[in-house]
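One letter stands for each residue in the lines below.
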Amino acid sequence: MAETKNYDVVVIGAGPGGMTAAMYASRANLSVVMLDRGIYGGNLNNTASIENYTGFKSVQGPELAKQMYDGATQFGAEYAYGTVTKLVDKGTTKEITTDMGETFVAKAVVIATGSTQRHLDVPGEEEFSGKGVSYCAVCDGAFFKGRDLVVVGGGDSAVEEGMYLTQLAAKVTVLVRGDHLRAQPLLQDEARKNDKMEFVFNTSVTDIVGDQVKVTGVKTHNNVTGKDGELAADGIFIYVGSLPMTAAFKDLGILDDQGWVKTDTQMKTSVPGIFAIGDVRETPLRQIATAVGDGAIAGQQVYQYINAMK
Ligand code: NAP
């Protein structure tokens, strides 16, 4: 049987929020481990260029992730690989199980699991995933040099990642289901100046089509005229919003009806000793800066919570 590992604090997720909470808690002399299902950095690893994080005019996501990791671990916080499958509240301790067969016991837990990208749920999407359908421009954009691409969505991610793709592709057509973009005005202004980018409004994707090997395009429906159409493309990048990564926490009674974690302003959930921060939280703004701010508050709060236990 695998041994149980004891820590003052387990931080679940090593994105910007989790790494900040780990830094604050370990700097307060608590023993801390960050658990993550992949490399530290979370969604930073899927982000090409960040222009709205204080202190950097522009920084690459993976580069910022590395700097945050170095900062987070400098006071002794550890990092361990594994997907958390269950979190059980045992009063003064919390038990965390991972798919690596490991069990961690902690006095306090910070949930910082973030979000994952929503799928379109149309025919062809799953079939052509990895064969032209992608959710990560930074990871897959290089496969499409000089090609015609479709981006689906109208939020910050669709516009920002679409602009990144114009550096590689011949043309990027952004299909927006409504009559306007939801992205920040500055991003919209930059995108409209980009010759390689075209926005097509009121247009939903109904099918993703391809041959035996790869994607060849999308079928579309115009939500105003009711007309159906087709658009040829070599790659389809889908950015239609995000879903909370909270499957392991659904029995704790801390989620809202959409699955995001409910907290107060001190990042406390309704379960004493369980905190939540960053994108996974029910919050009006999901940014690196807000995740980092949440992480600082949670790092300080776990210290006070554990001190009060003595
Ligand atoms: P989002 O803001 O939720 O936008 C989702 C977009 O996808 C909307 O335009 C939505 O259209 C569209 N959509 C949803 N379902 C669709 C469907 N079935 N078919 C076609 N379109 C569909 O998601 P996001 O852009 O991924 O951003 C997630 C969060 O991260 C946001 O809080 C965002 O601000 C943040 N973020 C920030 C930055 C930055 O600050 N630089 C960068 C990336 C992300 P409707 O408008 O019609 O609903």
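The shown structure was predicted, so the numbers you read here are calculated from the model rather than taken from an experiment.

Colleague: Is there a simple way to think about the sheet that holds strand E12 (residues 171-175) in this case?
Modeller: Hydrogen bonds along the backbone pair up the strands of a sheet, which may run parallel or antiparallel. Sheet architecture is open: five strands sit in the order E10-E17-E11-E12-E13, paired in parallel fashion. At either end of the open sheet lies a strand with only one pairing partner, and these are strand E10 (133-134) and strand E13 (197-200). Sheet analysis places E10 next to strand E17 (residues 235-238), joined by two bridges and oriented parallel. Looking at E17, one finds that Val133 is bridged to Ile236.

Colleague: Where do I start with the UniProt feature "domain: FAD/NAD(P)-binding" (unreviewed entry) in the protein in this structure?
Modeller: The UniProt record annotates "domain: FAD/NAD(P)-binding" (unreviewed entry) at residues 7-295. Within residues 7-295, the helical portion is 19% and the strand portion 31%, while the C-alpha atoms at the span's ends are 18 Å from each other.

Colleague: Would you explain the domain arrangement of the protein in this entry?
Modeller: By a widespread convention, an interface's size corresponds to the accessible area lost as its parts come together. Domain boundaries assigned for the protein yield domain 1 (4-117 + 242-309) and domain 2 (133-238). Between the C-alpha centres of domain 1 and domain 2 the distance comes to 32 Å. Across the boundary between the two partners, domain 1 contributes nine residues, which contact 11 residues of domain 2. Per-residue buried area on domain 1 facing domain 2 is highest for Asn46, Ala48 and Gln117; these three make up 60% of the total on that side. Viewed at the interface, domain 2 and domain 1 are joined by zero salt bridges. For the side of domain 1 that touches domain 2, the class distribution of residues is one nonpolar, seven polar and one charged.

Conventions adopted
- Residues numbered from 1 in each chain as written.
- Predicted model: local features only at pLDDT ≥ 70, side-chain atom pairs only at ≥ 80, totals over all residues.
- Heavy atoms only, no water.
- Pairing = 2+ DSSP bridges.
- Helix = DSSP H or I, 4+ residues; strand = E, 2+ residues; numbered from the N terminus.
- UniProt positions renumbered as here; feature names shortened; annotations may be inferred.
- Domains from an automatic or database assignment.
- Contact = heavy atoms within 4.5 Å.
- Buried area = accessible area lost by both parts, 1.4 Å probe.
- Salt bridge = Lys/Arg side-chain N within 4 Å of Asp/Glu carboxyl O.
- Nonpolar A, V, L, I, M, F, W, Y, C, P; charged D, E, K, R; others polar.

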